[in-house]
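Working through the structure, step by step
Take a look at the letters that make up each chain.
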Amino acid sequence: MLTEAIRLTLFPAVMAFAASSDLLTMTIANRVSLILIAGFVVLAMLSGMSGADMLSHIEASGAVLVVAFTCFACGWIGGGDAKLAAATALWLGFAHLLDYLIYASLLGGALTLLIIQFRTMPLPHLLAGRDWAERLHRGDGGVPYGVALAAAALLVYPQTEWMTALGF
């Protein structure tokens, strides 16, 4: 019962929190990635994942971490985005990593284009005075790429062994 509850709720809830946090504050707290890592370890142990499979998931996470922190060092993404992508890869493993990266790229590109378009228009009065909206509207503001990373993860997650084991 506990295993099923973790499979169904933890990953999606943390992804939703990461996306909303990044949208509203342009930050993804370290605790988000730490919760994902701890949740993976607990779920892997409870579900009887083999050591070889766990190592493969860790390797996928490590590969994403290296690439993501290179992107962070170049100023292309934020540090929270890099950590979120690596923690997500831990859950998805190599089996679903390519799908995740493709979705994240496409959704991130679409999000960037939407924000660029949003910035060309006057800020709607309904959003005036809202810090998060004004931050998104500023020309020098960044893009909350965590939204795209979380959305991509939620698109891929139903195909993972975590969910298929439940018969969904």
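In case you missed it, the structure is sitting above this.
The paragraphs below set out a description of the structure included in this document. (Residues numbered from 1 in each chain as written. Predicted model: local features only at pLDDT ≥ 70, side-chain atom pairs only at ≥ 80, totals over all residues. Heavy atoms only, no water.)

Per the secondary structure count, the protein includes seven helices and zero strands. Taking 2.2 N^0.38 as the reference for a compact globule, 168 residues should give roughly 15 Å; the C-alpha atoms of the protein span a radius of gyration of 17 Å, in line with that estimate. With the principal axes as the frame, the protein shows a C-alpha extent of 55 × 35 × 25 Å. Evaluated residue by residue, the protein yields a buried proportion of 39% over its 168 residues. Residue pairs in contact within the protein that sit at least 24 positions apart in sequence constitute 72% of those at least 6 positions apart. Accessible area of the protein: about 8800 Å², with a carbon and sulfur share of 71%. Separation between the mean location of the 7 positive side-chain charges and that of the 10 negative ones in the protein comes to 11 Å. (Helix = DSSP H or I, 4+ residues; strand = E, 2+ residues; numbered from the N terminus. Rg over C-alpha atoms; globule rule 2.2 N^0.38 Å. Buried < 20%, exposed > 50% of the residue type's maximum accessible area, 1.4 Å probe, protein only. Contact = heavy atoms within 4.5 Å. Areas by Shrake-Rupley, 256 points an atom, 1.4 Å probe, with all protein chains shown as cover. Lys, Arg positive; Asp, Glu negative; His and termini not counted. Charge placed at Lys NZ, Arg CZ, Asp CG, Glu CD.)

For the structure on display, the rule yields seven aromatic pairs. Note on Phe40 and Trp91: the rings are 6.5 Å apart at their centroids and 65 degrees apart in plane angle, and the pair reads as edge-to-face. Of this pair, Phe40 sits in helix 2 (residues 30–46) while Trp91 sits in helix 4 (residues 79–120); the two residues are 51 residues apart in sequence, bridging distant segments of the chain. You'll find Phe40 and Trp91 in the same group, each marked buried. In textbook terms, an aromatic cluster arises when at least three aromatic residues are bridged by ring pairs, as seen for Phe11, Phe40, Trp91, Tyr157 and Trp162. (Phe/Tyr/Trp six-rings, centres within 6.5 Å; stacked < 30°, edge-to-face > 60°.)

Next up on the list: the state of the cysteines. The tally for this structure, following the rule as stated, stands at zero disulfides. Of all cysteine sulfurs, the one in Cys71 lies closest to Cys74, which takes part in no disulfide; the gap is 6.7 Å. Note on Cys74: relative accessible area 44%, which makes it partly exposed. (Disulfide = S-S within 2.5 Å.)

In this section: the pattern of salt bridges. A full pass over the atoms with the stated rule returns one salt bridge. A salt bridge links Asp140 to Arg138, with the nearest nitrogen and oxygen atoms 3.3 Å apart. Given a relative accessible area of 66%, Asp140 falls into the exposed group. With a relative accessible area of 43%, Arg138 lands in the partly exposed category. (Salt bridge = Lys/Arg side-chain N within 4 Å of Asp/Glu carboxyl O.)

Inspection of the secondary structure puts Glu134 in helix 5 (residues 131–137). Separated by eleven residues in the primary sequence, Glu134 and Leu123 have C-alpha atoms spaced 7.7 Å apart. Leave out the neighbours within four places in its chain, and Glu134 touches Leu123, Ala128 and Gly129. In terms of polar contacts, Glu134 uses its side chain to reach the backbone amide nitrogen of Gly129, at 2.7 Å. (Polar contact = N/O pair within 3.5 Å; in protein donor to acceptor, adjacent residues only side chain to side chain.)

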